Structures are given as structure tokens and as C-alpha cells.
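Residue-level structure breakdown
Below, each chain spelled out in residue letters.
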There are 2 protein chains.
Amino acid sequence: MILRMSSLFLRTLREDPADAEVPSHRLLVRAGYIRRAAPGIYTWLPLGLRVLRNVENIVRDEMNKIGAQELVFPALLPREPYEATGRWTEYGPNVFRLKDRKGADMLLGPTHEEMFTLVVKDLYSSYKDLPLSIYQIQNKYRDEARPRAGVLRGREFVMKDSYSFDIDADGLQASYELHRKAYIAIFDRLGFDYVIVKAMSGAMGGSASEEFLAIAENGEDTFVRSPGGYAANVEAVVVPQAAPVDASGVPAAEVVDTPDTPTIDTLVDALNAKHPRTDGREWTAADTLKNVLVMLVNPDGSREPLAIGVPGDRAIDEKRLGAQVEPAEVVAFEEADFAKHPELAKGYIGPGVLGSENTSKIRYLLDPRVAEGSAWVTGADKTGFHVLNLVYGRDFTADGTIQAAEVRDGDEAPDGSGPLASARGIEMGHIFQLGKKYAEALDLKVLDQNGKLVTVTMGSYGVGVTRAVAAIAEGNHDELGLIWPREIAPADIHLVATGKDAAPFEAAAKIAAELEARGLTVLYDDREKVTAGVKFKDAELLGVPTIAVVGKGLTDGVVEVKDRRSNTRVDVPLAEVVDHLVSAVRG
Amino acid sequence: MILRMSSLFLRTLREDPADAEVPSHRLLVRAGYIRRAAPGIYTWLPLGLRVLRNVENIVRDEMNKIGAQELVFPALLPREPYEATGRWTEYGPNVFRLKDRKGADMLLGPTHEEMFTLVVKDLYSSYKDLPLSIYQIQNKYRDEARPRAGVLRGREFVMKDSYSFDIDADGLQASYELHRKAYIAIFDRLGFDYVIVKAMSGAMGGSASEEFLAIAENGEDTFVRSPGGYAANVEAVVVPQAAPVDASGVPAAEVVDTPDTPTIDTLVDALNAKHPRTDGREWTAADTLKNVLVMLVNPDGSREPLAIGVPGDRAIDEKRLGAQVEPAEVVAFEEADFAKHPELAKGYIGPGVLGSENTSKIRYLLDPRVAEGSAWVTGADKTGFHVLNLVYGRDFTADGTIQAAEVRDGDEAPDGSGPLASARGIEMGHIFQLGKKYAEALDLKVLDQNGKLVTVTMGSYGVGVTRAVAAIAEGNHDELGLIWPREIAPADIHLVATGKDAAPFEAAAKIAAELEARGLTVLYDDREKVTAGVKFKDAELLGVPTIAVVGKGLTDGVVEVKDRRSNTRVDVPLAEVVDHLVSAVRG
């Protein structure tokens, strides 16, 4: 196939679009791959569509290889199945809802667990039908609060979602491993520098879950990894419960006067000044137990306060907290909320009033670093006062623990494999062992070998296809433009004819035809009255990995072949150039 | 590729689905190609998706051949462009509307004229950029009042829509002809028995317009054609204005007493009984002028009465009338409406009160068969009375003409090419010369050769891809099941192994592998413990055009090859069967 730039529906831009924050967004718009239609909603122009289809085809190919079967569900869906699983409500404002002309509630599918479950229920009835893996590559919709970065986080986007159906946990494990292998193959072919991290399953329910993150500075996800091979999404880091310590030598709790110390810093200073430790060490923030109040808003609008106790040297990580309380959302605990709880002495709140068994009745969850038997300085529930030597288990209790404190570089990995270091990534794939949540909610049962009805066990596996295009661009560009991996590029060869004479155009047209005959796709810059400089700039911006220039060298019988990634150039004799280019592409 | 029925996600049904009215719907569901998800909204199961993709690829291929370039717009669109062209309102309840989380109005695109126009405006600026043809193959949404017949008229469906952009009318004509040629190629390849008819352009605006109709008993569209080659959608038949006749010999109009004659039949009887003609002929319905009142409801909800005068022997055709008054809808003129017009004597309404210049102020349009100078019996605007010898142009006037009367078999074709005969069809494609309507509304101008800004001229071209699958099924089935044209079929060969021995399965597996190696797609029925009868029934239902059975014949060294369409069978020696099947497929 030959794409002629003289007629290609394409305009490259020299200026960055005003709303573009990240390189992939800037470059995909400037190179004429995508065009904004509405916030978070994009049109795919011809070259962009070619790239998108290339990504789709890699995903499809690897899914087919593991025996998954493609089908396609509607994007416009009835409410009922989502009502049955509770997600009609849980999704809150993230789902696009509408009514049809008869007033029936509908939604634009954000994910299709319900539909997949129902179609299997519809068609299958026996263990003999399993295992089954089915998938679709289809438009999904999420009404993101903050669509960002072009197609990196859009409101309409293409996803591959697949589901496995098994009779038991071993089957699920096998289906999960097959998908994991397929995903490794997909992300290798997409040319990603990626990491597989432990993940939270979020609103999806289920248990084991991993994410494939493309490592990228501009990623929205933070993950941590250790030299020993531990890797997890920050939300999924499970800090182990600190082992109990011996509290027998700890003196009795003592309330001390600490006026004007509503913050940890002011408290530590005041303690060192007025209540110095007896062991010669200074008080630090780590000796204090900070009690943070937040308000949870459930999808049905109901509100529930929550108190979290963390060592004073650690902040609450909003994303970790958010992941723990999903589908509830976390909002600030405001003055009006304090007004309803006169027992809370703002800045001096302590375990004396927190907890569902205590005066406030507010659920109180502790960071797992708080060991049984450990002693803390914490609020005395009286303005201007703190309490020393308050021992967990001896002097106070809590309703449980929560994984909400920040994870810091240097923290030991939960599996003891060394200190954690954080980096940023883009979530490209997510594989889950969903288990029976959806099968139970929608009553998907089959007969087992003994003729007994058993609930099917499911796995769920997603790849962000649209997002992959952005993430690949994010990881494959330089200051001049995009640099596509070969299998993703909109063309195999970018062929440029330059000069005012007919000769280079004739030679180039011949090369293009020969390359086409050899099965290559050629983006051929056959534009007349466009300077060589503009053509080179466009070629660099568009990012086809191999650029061949038929121009001045032609008088010496050579064509210049550039490698876009390494920026190396070589003059190839005209007679050899087709072979040379074919082997550059086919390796 | 080998699709093994032992693991294929497929269940064929012996029973017709309860809601299926037409064969294509019944068979596509029974054969496991599609599955209803909501009214008018379907899931495409693996075999169905293969068929859908085959249709898409034929369409894509032919569009690429005429140099049209593929891109893809979002399905979820902002209101603004549709507001600018007036279609946000015009579409009425046929469009799915919704609000995003910020309250912005959005819609699910029913067609994308606005988006195509805007993207060209966005990228192009000069006559040198034209001509341009761009297209997409994408999900469309229409909230049909009566979704019917499975995917024949759905609410979510795939369409190919393309648009041409030209600097002038000659350019548009050339682009239109190119598309017309491409459409002929497409519908030939899809195996349709089709007709190209003159069409109305409906809500689209524009002038010249043709439809490609698949001839089908269950089609929703009625078209007429003449022996001389005239063919038109019934809505688009333009009956010529009858030539004026000499009224000089017609006596003066005379009001006569015709009690209890509110219908044409009762009127004709009364006339013949009480007011016989003087020329010896009997009165017939054709001598009467029937005045029909309807109410038009505009998209903004406003209502406007309309009176239509037609010869008494012709009914009003609702579809023809509807097409004339679009985007208004036609509803009945009710008692409450009569109550507001005491001058209307129900059953005896005549031109005496109708017309915007007359007492009623109701717009009055005549059938073009009413010639200037022709005399009629019509209502005298007084209950129980009619008027004889009322001459058009002498005794009454009207506000214009309207093409709303029924077209009947035997009517002369408007171009004089013989008597019309009607048949039914399914609208598969529609090509229009849109002209400047959208370019003007959205200000799409380019510089012409003289540096002057000129408005671009557009063409619009659609193919119903989803509908094509149903229409092909509608035209290619028998009582046993589907019979796909080769290029559309979900597989090239349906290979069936029968019996309880291993031998046929081993031989069939070898044949399947060899066919796959030769590039064919094989649907291989490798199911054990399924009887030969069930397998044959499934093969007939599924409709792959060539069926090869490895069974009893194997002991004689032969494989039975059946042609699904002709129902012919031939025994082919095992050693030759692969070659035989390859040539059956490749011809």
C-alpha cells in the first residue's frame, strides 16, 4: 500500500496544542494522528487509525493464540444487569447514563462483566463447556472527572476485555496464567518498557490481581519495586502488621499540657522543650500517633466518618486510602462535621474517643505499623493536651487496620526483598482473578461431573488499546517527534522525494511501487512545491522508523536511508535500495 | 484458521426465538450469530462477528479503491455542532441524548455530517486540498420507535459513512459517480439482488440522491420500477403536474344536497342516484376531490394543520407524505382540532374554506393530478352538501402541490417509460449530493484559484454494514438455514467428522490442517458424542457454502462434498479432497 502525502488527509502542526500537557498528547496532535472532538473524546485521523489498528491486531493475535474467542457486545446497554450486580449505583458519576425514548434506563458500558457473564449463562450449562475465554475489542465509556493527556485518559476509548470461565479455582489459575503469558507477549510486541505489579482489584471485586504498567514519567500510577523483585502498585502495597512488642516496661499513660500544638511539628518541639524523654533520645514525629478524620461518601450518597491512626511521620496517601474504601469516595471532614461531634478536640484527637465502641462511635482504623504493645504520644481529646505512653492494646483499641499510609522510598518491601523505590507508570493491562462475584450475582451455574449445579469462577483481563497508542508515543519520541516501534508504525517506510526535478520523483515512485509489490506499506512524500526541509521535519514528526530520501544523492546513484531511532544515515545504491529497505523492515 | 466446534463459543437453537418476525432474524439467532442484549441492540457472537467483519472488509476495500481515506470519529458527541445545523432539534426522539457529569449536552451520533465537515474545516483551507473523500466504519445510534427484525433495524449498528468534499458542482458530480461505482462493486460482492432507485434525501438536505435497495419481501421500503428502466423509492416518485385542460364548457359550480355522504363511496352512490351525470357516464371516485386534514408536529413541538386535496380514488401514502414534510411528523387531525375550526364541516370539507387565504387559514396543497381547468365534485363546507363542477383555477385555488398520494401498480412512470410495478426492498446504501447545506451551516470554506473564499460542496454516502448481514441472510437462506455467499461466510469450508471410530476424526483433522496451510478457514465439527444427524442439521443451519463430510465413505476412500446452495453432493477420493475443496472456494 502506498499512502501519498500529496493527497493524504493530514496536516502536521508546528505549534503545540494549547491543552497538551504531555509529549504523547502534543505529538499525536501535531503529527495529525488524533484530533479533539470534545473533552476526552478524540477523532482518529488516517495515520492514527492505522496505528490504533496495528495495536488492536497485536492484541487480537495474542488473544487468539491462547484460544480466546472474539465477539462483540453493544456499547449501549440496559440498566438491569448492572442493577443486579450493584454497579449501576457503585459507578456513581463515572458512568454515562441515559434514557431511551420509552424512558428505559441505559448506560454506555464502562466494562462488560455483566454482559459476558450473562451470555455464558445464556449459552452454556455444563462443565464440559469449560474452560472458556472470550474477548472483545470495543469502545468503552467512562465519564472521567478529569480526562487528561489526550487519549491517555479519555472518555471514549477502545479496550480489549476478556473473561475466563472455569469450573474451579485451579481452572481459573490456569486461565489466569494463560492470559498473563499472552499479556507478556502483547506488551513485548508493543515495545513497552513495562513492569508487572501487584494490584488492587477496585470496584471489580475479586482477589488476585496484577497490573501491567508502562514505565513513564508522566504516568498517573505510582508503583514501587525492590531489588529482590517485589513490584506493586502503591495502592496494592500491603504493609505487614508489626509484631507485638513487650509493653511491660512502659510507664502508665500520662496526660501532659501541650498548649498550641495542633500539628505534629509543633507537638514534637513542645515535647522536647517541656517533656523531654528520659532515655536521652529526642522526641520525633515517629513517636506520635496522628489521628486523621475523613468522611466517606457511599455511592448511595450516605456519609460515614472514619478515623485513621498513623505514625506522625507518615502522611495518608489519598490513592491508597481511596482504593481501600471503594466504592465510597473520600471527602474532607469539615467544620460542620466537627460541630456534630463535640467530643472531638480538633488537633488533639486521640483514641480516647475514637472507635465504634467509644463516645464518638467513629470507626477507628490503625496503620499496621502500630504494634500491639507499642507506646505513643497522641491527642488527649482535650484542646492543648496530649497523652504520653499510651500503649496499643493496653490503653486503647481500634476497629481494625487500614493500608492508607504513604509508602516511601527506602521502606522495606513487604516480602523482605529489600528497600522499595518508587517510579511512575501508565496502567496498560490489568488481570484479575474475579472469582464468583459476578457469577453469583447473575446466577451463572453449570452442572459439574456429578450433575450438581456449581457457580462458575471467572477471571477478567483488560488492555487499554487507545491508551496503548499514547503510552507507546510517551515512551518512543524525541524532541523532533515520534519514533514508532516497527509493528505499530503507520507505515513501514517513509519515502521522501526532494528537489525540483522530475528525476527524484520518478525514482521514488518506482521504489514505492516495488516496495508495495513486496508487501510493504509506504508513506510516500510526493508533494511538489514543498521544501526538503519541511519534508524532513514532517518525517521526523510522524515517526515512521525508516526514512528513505531520494534527492541530491540521486546524481551519484544513491538513496539516503535514515534510521529514525538511532539517527544514523547510510547511502544505499539505487539498485539495492528496495532490498535494503525490505530487510530493514523484516530484519 | 481452524474453528473447532468442540470449543467454539456457539449454541445452535432448534426453536425460533419468540420475537423473530423475519427469516434473517430467526436464522441469525438460531445459528448463534447474534444474541439480543436489549430491544434493537445485539451482541455479535464469534461466527456472527466473522460475517460482520467480512462485510466491513469488502466495504473498506472498495472505498480504498476509489481513494477514500478511513478515519474514525467518536460515537459520543458534543451538542454544539448539531445545534449549529439545527439537527439537535430536528432529530427529535430518534437520537439518544445524555448529559455528562458536568451537565454538558451530548448525543450518540446518528450520522456524522457535522463532524466530517468540521474536521475538514479544521485541516484544509485550499482548493488544492480537494477533492477529498473520507469515511469511517463505526457504531451509530438511533432510538428507533420500533426496532425490528433483529439487526435489520437496530438501535446500535455499524455503518460505513463517507463524505466527499469538492470545490464545485462538477467535482461533486465526479465524486458522486465514483461512490456510485464503488457501491455497485460492494453490492455485487455482497451477493445482493439489488436495485438503484431515486430517493428522497430526507433530513439530510441536499439534492440528487439514490438508494441501493436489496430486493426482499420483508423489506420496509417500497419501490416502483417500469419496464423502461425507471426505478424509485415510493417516497421519491415525483408525479408530474397534469397539463391544464380547457374548462370553457364546464357549467357553473352547483351546490347539491348529498345527505349522509361523509365518505367517497357513499358520495358516489348518492350522486349516481340523485344527481346523475348528463354525459351518460356514471360518477366514480376519480371524479371527486377528497380533502384530507392532518396535523404536522415540528421538532420544536409546534403544530400546524395541513389540508391535502387528492382525487377521491387515491389514498394518502403516509410515507410519501412523511417524506415531504420532514422533519415535521404527521399526526391525526383530532376532534379537538376540529373544535378549533368550526368552519370545517367534517366529511364535507371543500376548497371553499381551505387555503391560507381562506377562512380556515389552513395551508391547502393539491395532488399534481389536479389539472388547472379540471372540474371536481367536492365538499361544500356544509354538512350534507357537496358542490359539482368546481373548477380548479376558476372556482378555487390552493397554496401549492404535494407528492403525497399513493403510487399504484399500473401508474405511468413519471418519465413515460411504462407502467410502474411495485416491490419491496431493504435500504442498504444511500448516496446523496448534499451540496452546501452543512458547509454553509458550519462555515467550511476554502480559497479557490483566484484566492477567493468559496463554500465547499459535499456528498454523503452510507452503507448499512450491520443491516447488510441481515439483508444477505434475508436473501440467502432456505427452510433448513442460512446459505452465505462465499466472501461473507464465517468459514470457507464446514468440515464434519462423523461416526464413533477414530479414523474419520483423524482423517478430518489432517484435512483441516492441510486446508489451513492452504490459507482456508475451516469450521471443523470435531465434536464427539454428537450424532451425524445433529451435525448435518447444524451445518445446514450455519450456512457455510461448502460442507465436507468425513464419515461412512471413508472405508471406500471418499469424502462427501456438499454444495449448500445447490444441495448437490459428490464423493471425492480422500487424496484429492483438499485440492477439490480449495478449488471450490477459489473457483
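Everything numeric in this text was worked out from a predicted model, so none of it was measured. (Residues numbered from 1 in each chain as written. Chains lettered and ligands numbered in written order. Predicted model: local features only at pLDDT ≥ 70, side-chain atom pairs only at ≥ 80, totals over all residues. Heavy atoms only, no water.)

1. A look at the overall build of chain A
- Helices and strands together make up the secondary structure of chain A, namely 14 helices and 32 strands.
- C-alpha atoms of chain A, sized along the principal axes, occupy 95 × 70 × 50 Å.
- Residues classed as buried in chain A amount to 57% of the 587 residues present.
- Total accessible area computed for chain A in this model is approximately 23700 Å², and 50% of it derives from carbon and sulfur atoms.
- For chain A, the centre of its 67 positive side-chain charges and the centre of its 88 negative side-chain charges are spaced 5 Å apart. (Helix = DSSP H or I, 4+ residues; strand = E, 2+ residues; numbered from the N terminus. Buried < 20%, exposed > 50% of the residue type's maximum accessible area, 1.4 Å probe, protein only. Areas by Shrake-Rupley, 256 points an atom, 1.4 Å probe, with all protein chains shown as cover. Lys, Arg positive; Asp, Glu negative; His and termini not counted. Charge placed at Lys NZ, Arg CZ, Asp CG, Glu CD.)

2. Brief notes about the packing of helix H2 (residues 46–65) of chain B against helix H6 (residues 169–189) of chain B
All names here are of chain B.
- The contact between H2 and H6 brings their axes to 9 Å, and the two run at 150°. Between H2 and H6, the angle falls in the class roughly antiparallel. Between H2 and H6 lies a crossing of right-handed hand. Contacts from Ile-58, Val-59, Asp-61, Glu-62, Met-63 and Lys-65 in H2 reach His-179, Ala-182, Tyr-183, Ala-185, Ile-186 and Arg-189 in H6.
- Here the contact of H2 with H6 is composed, by residue class, of seven nonpolar, one polar and four charged. (Axes fitted to C-alpha atoms, helices over the stretch in contact; angles between N-to-C directions. Parallel < 35°, antiparallel > 145°, perpendicular 65-115°, else oblique. Left-handed = near helix turned anticlockwise from the far one by under 90°. Contact = heavy atoms within 4.5 Å. Nonpolar A, V, L, I, M, F, W, Y, C, P; charged D, E, K, R; others polar.)

3. Let's talk about the side chain of B:Glu114
Residues and elements named next belong to chain B.
- Inspection of the secondary structure puts Glu-114 in helix H5 (residues 113–123).
- There is a polar contact of 2.6 Å between the side chain of Glu-114 and the side chain of Arg-87.
- Residue contacts for Glu-114: discarding those within four places in its chain leaves Pro-81, Tyr-82, Thr-85, Arg-87, Tyr-438 and Leu-442. (Polar contact = N/O pair within 3.5 Å; in protein donor to acceptor, adjacent residues only side chain to side chain.)

4. Description of the side chain of A:Thr288
Residues and elements named next belong to chain A.
- Here Thr-288 shows up in the loop between helix H7 (264–274) and strand E15 (289–297).
- One polar contact links the side chain of Thr-288 to the main-chain carbonyl oxygen of Ala-285, over a distance of 2.7 Å.
- Non-local contacts of Thr-288, meaning those with residues more than four positions away in its chain, are made with Ile-264, Leu-267, Val-268, Val-310, Pro-311, Gly-312, Trp-376 and Val-377.

5. A closer look at the sheet that holds strand E19 (residues 375–382) of chain B
Residues and elements named next belong to chain B.
- Reading across from one edge, E14-E20-E19 is the order of the three strands in this open sheet, with antiparallel pairing throughout. With partners counted over all chains shown, the strands left at the sheet margins are strand E14 (254–257) and E19, one partner each. The average undirected angle you get between the axes of adjacent strands in this sheet is 30°.
- Sheet topology note: the E19/strand E20 (residues 385–391) ladder contains five bridges and is antiparallel. Counterpart to Lys-382 in the pairing with E20 is Phe-385. (Pairing = 2+ DSSP bridges.)

6. Brief notes about the interface of chain A and chain B
- Contacts between the two partners involve 53 residues from chain A and, on the opposite side, 53 residues from chain B.
- The contact between chain A and chain B buries some 4600 Å² in all, and 60% of this surface belongs to carbon and sulfur atoms.
- Of all residues in chain A, the largest losses of buried area upon contact with chain B belong to A:Phe9, A:Arg101 and A:Leu123, amounting jointly to 17% of the total for that side.
- Across the contact surface, chain A and chain B share eight salt bridges.
- Where A:Arg155 meets B:Asp100, a salt bridge forms, and the shortest distance between an N and an O atom there is 2.9 Å. (Buried area = accessible area lost by both parts, 1.4 Å probe. Salt bridge = Lys/Arg side-chain N within 4 Å of Asp/Glu carboxyl O.)

7. What to know about helix H13 (residues 532–542) of chain B
- Among all positions in H13(B), only B:Lys535, B:Asp538, B:Ala539, B:Glu540, B:Leu541 and B:Leu542 are buried.
- Two residues or fewer past H13(B), B:Gly543 is found with a positive phi of approximately 85°.

8. Here's the deal with the sheet that holds strand E18 (residues 363–366) of chain B
All names here are of chain B.
- A sheet is described by the order of its strands in space; here five strands give the open sequence E17-E15-E16-E18-E21, paired in mixed fashion. The strands lining the two open edges of the sheet, one partner per strand, are strand E17 (329–332) and strand E21 (400–401).
- In terms of strand pairing, strand E15 (residues 289–297) meets E17 through four bridges, oriented antiparallel. The residue of E17 that forms the bridge with Val-297 is Glu-329.

9. With respect to the relation of the copies chain A and chain B
- Mapping chain A onto chain B calls for a screw motion: a turn of 180° about the axis and a shift of 0.1 Å along it, with 0.1 Å RMSD after fitting. What the rotation and shift describe, once combined, is the action of a two-fold rotation axis. Looking at the rotation axis and the C-alpha trace of chain A, the residue lying nearest is A:Leu98, at 2.6 Å.
- By residue overlap, the copies meet face to face through one surface: 100% of the interface positions of chain A are interface positions in chain B. (Least-squares fit on C-alpha atoms with pLDDT ≥ 70 in both.)

10. Observations concerning the pairing of strand E32 (residues 568–573) of chain A
- Looking at chain direction, strand E31 (residues 558–563) of chain A and E32(A) are connected through six bridges and run antiparallel. Across the sheet, A:Asp563 pairs through a bridge with A:Thr568, a residue of E32(A).

11. Considering the domain arrangement of chain A
- Domain boundaries assigned for chain A yield domain 1 (50–237 + 422–474), domain 2 (254–401) and domain 3 (491–586).
- In this structure, domain 1 of chain A and domain 3 of chain A have C-alpha centres spaced 41 Å apart. (Domains from an automatic or database assignment.)

12. Observations concerning the pairing of strand E22 (residues 421–435) of chain A
Residue and element names in this part refer to chain A.
- Direction of pairing for strand E11 (residues 209–215) relative to E22: antiparallel, over a ladder of seven bridges. In the sheet register, Phe-212 faces E22, and the bridge partner there is Gly-429.
- Relative to E22, strand E12 (residues 221–225) runs antiparallel, the two being bridged by five bridges. By the bridge assignment for E22, Asp-221 is matched with Gly-425.
- One ladder, built from five bridges, connects E22 with strand E25 (residues 457–464); its direction is antiparallel. Counterpart to Ile-431 in the pairing with E25 is Tyr-461.

13. Re the nonpolar core
- With 78 residues, the main nonpolar core has A:Phe9, A:Phe165, B:Phe9 and B:Phe165 as its most contacted residues.
- Sequence-distant contacts of A:Phe165, defined by excluding residues within four places in its chain, comprise A:Phe116, A:Thr117, A:Val120, A:Leu130, A:Pro131, A:Leu132, A:Ile134, A:Leu444, A:Val456, A:Thr457 and A:Met458. (Core = buried A, V, L, I, M, F, W, Y, C linked by side-chain atoms within 4.5 Å.)

14. Regarding the pattern of salt bridges
Residue and element names in this part refer to chain A.
- The full count for this structure, using the stated rule, is 86 salt bridges over all chains.
- Residue Arg-363 pairs with Glu-304 through a salt bridge whose shortest N-O separation is 3.3 Å. A residue pair is termed long-range when its members are at least 10 positions apart, and Arg-363 in strand E18 (residues 363–366) and Glu-304 in strand E16 (residues 303–311) qualify at 59 residues.
- By relative accessible area, which is 27% here, Glu-304 ends up partly exposed.
- What emerges from the salt-bridge pattern is a single network uniting Asp-61, Glu-62, Lys-65, Arg-189 and Glu-487.

15. Describing the packing of aromatic side chains
- Using the criterion set out here, one finds 26 aromatic pairs over all chains in the structure.
- Between A:Tyr124 and B:Phe9, the aromatic rings sit 5.1 Å apart at their centres with planes inclined by 80°, giving edge-to-face as the arrangement. Residue A:Tyr124 is found in the loop between helix H5 (113–123) and strand E8 (132–141), and its partner B:Phe9 is found in the loop between strand E1 (2–4) and helix H1 (23–30); the two belong to separate chains. In this pair, the class of A:Tyr124 matches that of B:Phe9, namely buried. (Phe/Tyr/Trp six-rings, centres within 6.5 Å; stacked < 30°, edge-to-face > 60°.)

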